[in-house]
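# Secondary and tertiary structure notes
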Amino acid sequence: MKKDADKTKAELIEEMVALRKSAEEERFKAQKLESISEIAGGVAHDFNNQLMGVLGYVSVAKGLVSPDEQIHPLLEKIEKAALRTRAITRQFLTFSEGGKTMREPTDIRGMIEESAAAVLRDSDVRCSLSLDEDLWSVLADETELPQVFVNIILNARQAMENSGEIDISAVNATLADSEAPGLEAGEYVLVTIRDHGPGVDPETLSEIFKPFFTTKQKASGLGLAVSWSIVKKHRGVIEAGACADGGLEVRVWLPSASNSDMSDKDGKEKVMEGNGRILVMDDEEVIRDVTGEMLKMLGYESEFALDGEEAVKKYRDAMNEGARFDAVILDLSIPNGMGGREVIGRLIETDPEVKAIVSSGYSRDPIMTEFREHGFCAVIAKPYRVAEFGKVINEVLSRG
Ligand SMILES: Nc1ncnc2c1ncn2[C@@H]1O[C@H](COP(=O)(O)OP(=O)(O)O)[C@@H](O)[C@H]1O
Ligand SMILES: [Mg+2]
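In this report, the structure presented in the accompanying data block is examined. Just so we're clear, the structure is a prediction, and the values are computed from it rather than from any experiment.

### Description of the site of ligand 1
Neighbouring residues of ligand 1: 18 residues in total, closest Asp-195, Thr-214, Thr-215, Lys-216 and Leu-224. Within the side chain of Thr-214, an N or O atom sits 2.6 Å from an oxygen atom of ligand 1. A distance of 2.8 Å is found between an oxygen atom of ligand 1 and a backbone nitrogen or oxygen belonging to Gly-221. The protein chains hide 92% of the 540 Å² of surface that ligand 1 would expose on its own. Listed by contribution, the elements that provide at least two residues to the shell around ligand 1 are helix 4 (145–159) and helix 5 (223–233). Residue classes in the shell around ligand 1 are distributed as nine nonpolar, seven polar and two charged.

### Details of the sheet that holds strand 7 (residues 248–255)
Where strands meet in a sheet, backbone hydrogen bonds hold them as pairs that are either parallel or antiparallel. Taken in spatial order, the five strands of this open sheet run 2-4-5-7-6, and their pairing is mixed. Here the strands that pair on one side only, and so sit at the sheet edges, are strand 2 (124–131) and strand 6 (237–242). The mean angle between the axes of side-by-side strands here comes to 20 degrees, regardless of whether they run parallel or antiparallel. As defined by bridge partners, strand 5 (residues 186–194) adjoins strand 7 across seven bridges and the pair is classed as antiparallel. Paired with Tyr-188 across the bridge in strand 7 is Pro-255. Strands in contact with helix 4 are strand 2, strand 4 (163–175), strand 5, strand 6 and strand 7; relative to strand 7, the strand with the most contacts, it is inclined by about 170 degrees. Its contacts with the sheet put helix 5 on strand 6 and strand 7, and the angle it makes with strand 6 is roughly 135 degrees.

### A closer look at the environment of Glu-349
Relative to the assigned elements, Glu-349 resides in helix 8 (residues 340–350). The sequence separation of Glu-349 and Glu-114 amounts to 235 residues, and the corresponding C-alpha distance is 47 Å.

### Quick word on the pairing of strand 9 (residues 301–305)
Every regular strand shows the same layout, with side chains that alternate between the two sheet faces. Summarising the sheet, strand 8 (residues 277–281) and strand 9 pair through five bridges and their orientation is parallel. Residue pairing across strands places Ile-278 opposite Ser-302, the latter belonging to strand 9.

### Notes on the packing of helix 3 (residues 109–120) against helix 4
Between helix 3 and helix 4, the least distance of the axes is 9 Å, while the angle of their chain directions is 40 degrees. As the angle between them shows, helix 3 and helix 4 are arranged oblique. When you trace helix 3 past helix 4, the crossing you get is right-handed. Taking contact as the criterion, the partners of Met-111, Ile-112, Ser-115, Ala-116, Val-119 and Leu-120 in helix 3 are, on helix 4, Leu-145, Pro-146, Phe-149, Val-150, Ile-153, Leu-154 and Arg-157. Classifying every residue of the contact of helix 3 with helix 4 by side-chain character gives 11 nonpolar, one polar and one charged.

### Brief notes about the state of the cysteines
With the rule as written, the count across this model stands at zero disulfides. There is no disulfide at Cys-127, and the cysteine sulfur nearest it, in Cys-243, is 14 Å away. Classification of Cys-127 by relative accessible area gives partly exposed; the value is 27%.

### A closer look at the packing of aromatic side chains
Across all of its chains, the model carries three aromatic pairs by this definition. Ring plane angle 90 degrees and centroid distance 6.4 Å describe the contact between Tyr-188 and Trp-253, whose orientation is recorded as edge-to-face. With a gap of 65 residues between them, Tyr-188 in strand 5 and Trp-253 in strand 7 connect regions that are remote in the sequence. In this structure Trp-253 comes out as buried when scored by relative accessible area, which is 9%. Plain terms: the ring middles of Tyr-384 and Phe-389 are 4.8 Å apart, the flat faces sit at 25 degrees to each other, and that makes the pair stacked. As far as the burial class goes, Tyr-384 and Phe-389 line up, both buried. Here the basic side chain of Arg-277 rests over the ring of Phe-325, its NZ or CZ set 4.3 Å away from the ring centre.

Here is what the cut-offs are and how they apply
- Residues numbered from 1 in each chain as written.
- Chains lettered and ligands numbered in written order.
- Predicted model: local features only at pLDDT ≥ 70, side-chain atom pairs only at ≥ 80, totals over all residues.
- Heavy atoms only, no water.
- Near = heavy atom within 4 Å.
- Polar contact = N/O pair within 3.5 Å; in protein donor to acceptor, adjacent residues only side chain to side chain.
- Areas by Shrake-Rupley, 256 points an atom, 1.4 Å probe, with all protein chains shown as cover.
- Helix = DSSP H or I, 4+ residues; strand = E, 2+ residues; numbered from the N terminus.
- Nonpolar A, V, L, I, M, F, W, Y, C, P; charged D, E, K, R; others polar.
- Pairing = 2+ DSSP bridges.
- Axes fitted to C-alpha atoms, helices over the stretch in contact; angles between N-to-C directions.
- Contact = heavy atoms within 4.5 Å.
- Parallel < 35°, antiparallel > 145°, perpendicular 65-115°, else oblique.
- Left-handed = near helix turned anticlockwise from the far one by under 90°.
- Disulfide = S-S within 2.5 Å.
- Buried < 20%, exposed > 50% of the residue type's maximum accessible area, 1.4 Å probe, protein only.
- Phe/Tyr/Trp six-rings, centres within 6.5 Å; stacked < 30°, edge-to-face > 60°.
- Lys NZ or Arg CZ within 6 Å of the ring centre and 35° of its normal.

Have a look at this one:
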């Protein structure tokens, strides 16, 4: 390239025009991306609210029929499909939000199945899955944790050169002290992924989790490094070793969400009942309606407000009448009105002891992740099921 001083005026102008043009193109691209993410976020938000109807009603309906009735397994299937859909809409919402993560008790069997299906789609690699029926739930970030399984299974697929079988198992494991490296005593879910490829030399085993370590052409060497950090964020451990036949075995230990576990021993979902009066603020009719059904099933009385002004008024009136609400559920965003963020301030002015739960589909909003700093006692991400809802209310009310 010529030095600037050697260029003719015409050449310099031409270059400037080209630069400006490409800067404009970049800006245009950025704007386009921004508006796409806004649209995606908006659609996901509306979609999420309707999904709250599906998931909420089906969880209520499931609670109304006994497990041996013919319709029960069907309702369970609808619920399962709705839960998967929830994971998808959350990904959309994350795309438009970014920010901090929120972990929720999750049955990771679906996550493992889906990750395997996605990675092995159009390949000749088969997958044998053995996932415990009564697998404990794990406090999982539904958008991050699947990446771990995807990365490991992808490596296995590549190691086996697209044919053969991968074995994946998930079991509950109770560990005593110093039974596994880096893990405290406690309850864990152990996911093991085995392939029958060439494996990794014993000397190299400690290298594979390092960033940029790769033995492949044109690979990033980041798959396992990213997985390692995601597992660490989940307070778990990831390790690798050799299988009997020389293939690689990767083990992922994740602490169970035992304290907040929602299943009792026979794997049936526990619905925590209670009593008291709950005020629900939401601008969406379907949410108010399904939340009302859930509260009824859980044994609570409910009142509703469509926006912040109404919520504050109802709360104050009830206080003045000596019939204080036991808890308030506040939607974070109310279009053209006062949302949870402002309402909580007003309610605390009226009643410093107010027990408020913030609810939103935007699970990564700073108010959702740092709800306590904003004056809330708890958080629940939409859409939720009756068991999840019951548990949150129960915790809030029992905190005295
Ligand atoms: N299942 C496996 N079988 C054999 N080698 C593996 C397996 N998984 C990972 N490795 C080794 O670990 C390295 C790092 O893996 P990873 O972090 O996913 O990066 P990448 O796949 O981009 O190379 C791979 O390049 C490979 O040498
Ligand atoms: Mg990889």
